[in-house]
Amino acid sequence: MIPGIGPLNSADDLTVGQDGKAYVTLNVAGSVQQVDVDTGRTCAIADGLPSSSSARFGSGPGWDPKSLYVTSFLGTVTKLTPP
């Protein structure tokens, strides 16, 4: 279970990495959570990202495939390196 109460727990998007873990954006909470789908354990990999909307691993020229790119409703793109 992803931590948070009510609207703070509203996930907007998720993607699955090559590590088999899910990466979930919580737009109201402004965080990105890593979820181990086998154990259900979660880990916040980023906080303070208001209106986070989507997360995708890099693909194509100029986009690092090991980095997670998080877009927001504010028009920002944030590059994260998951643990």
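Described below are features of the structure shown in this document. (Residues numbered from 1 in each chain as written. Predicted model: local features only at pLDDT ≥ 70, side-chain atom pairs only at ≥ 80, totals over all residues. Heavy atoms only, no water.)

### Description of the overall build of the chain
Moving on, step 1. The helix and strand inventory of the chain stands at 0 helices and 7 strands.
Moving on, step 2. Here the chain has a C-alpha radius of gyration of 12 Å; the compact-globule value for 83 residues is 12 Å, and the two agree.
Moving on, step 3. Oriented by its inertia axes, the alpha-carbon framework of the chain measures out at about 40 × 30 × 15 Å.
Moving on, step 4. Classification of the 83 residues of the chain by burial places 36% in the buried group.
Moving on, step 5. The long-range share in the chain, meaning contacts at least 24 apart out of those at least 6 apart in sequence, stands at 28%.
Moving on, step 6. Each charge class in the chain was averaged separately, 5 positive and 7 negative side chains, and the resulting centres sit 6 Å apart. (Helix = DSSP H or I, 4+ residues; strand = E, 2+ residues; numbered from the N terminus. Rg over C-alpha atoms; globule rule 2.2 N^0.38 Å. Buried < 20%, exposed > 50% of the residue type's maximum accessible area, 1.4 Å probe, protein only. Contact = heavy atoms within 4.5 Å. Lys, Arg positive; Asp, Glu negative; His and termini not counted. Charge placed at Lys NZ, Arg CZ, Asp CG, Glu CD.)

### Observations concerning unusual backbone geometry
Glycine aside, negative phi is the norm for most residues, and most peptide bonds take the trans geometry.
Moving on, step 1. Unlike most non-glycine residues, Ser51 shows phi in positive territory, near 60°.
Moving on, step 2. Tracing the sequence through the fold places Ser51 in the loop between strand 4 (42–46) and strand 5 (52–57).

### Points about the sheet that holds strand 5
Hydrogen bonds between backbone groups are what pair the strands of a sheet, and the pairing can be parallel or antiparallel.
Moving on, step 1. With antiparallel pairing, the 3 strands of this open sheet are ordered in space as 5-6-7. A single partner strand is all that each edge strand has here, and the edge strands are strand 5 and strand 7 (77–80). The sheet shows a mean angle of 25° between the axes of neighbouring strands, direction not considered.
Moving on, step 2. With 5 bridges joining them, strand 5 and strand 6 (residues 68–72) adopt antiparallel strand pairing. Bridging from a neighbouring strand, Phe57 pairs with Leu68 of strand 6. (Pairing = 2+ DSSP bridges. Axes fitted to C-alpha atoms, helices over the stretch in contact; angles between N-to-C directions.)

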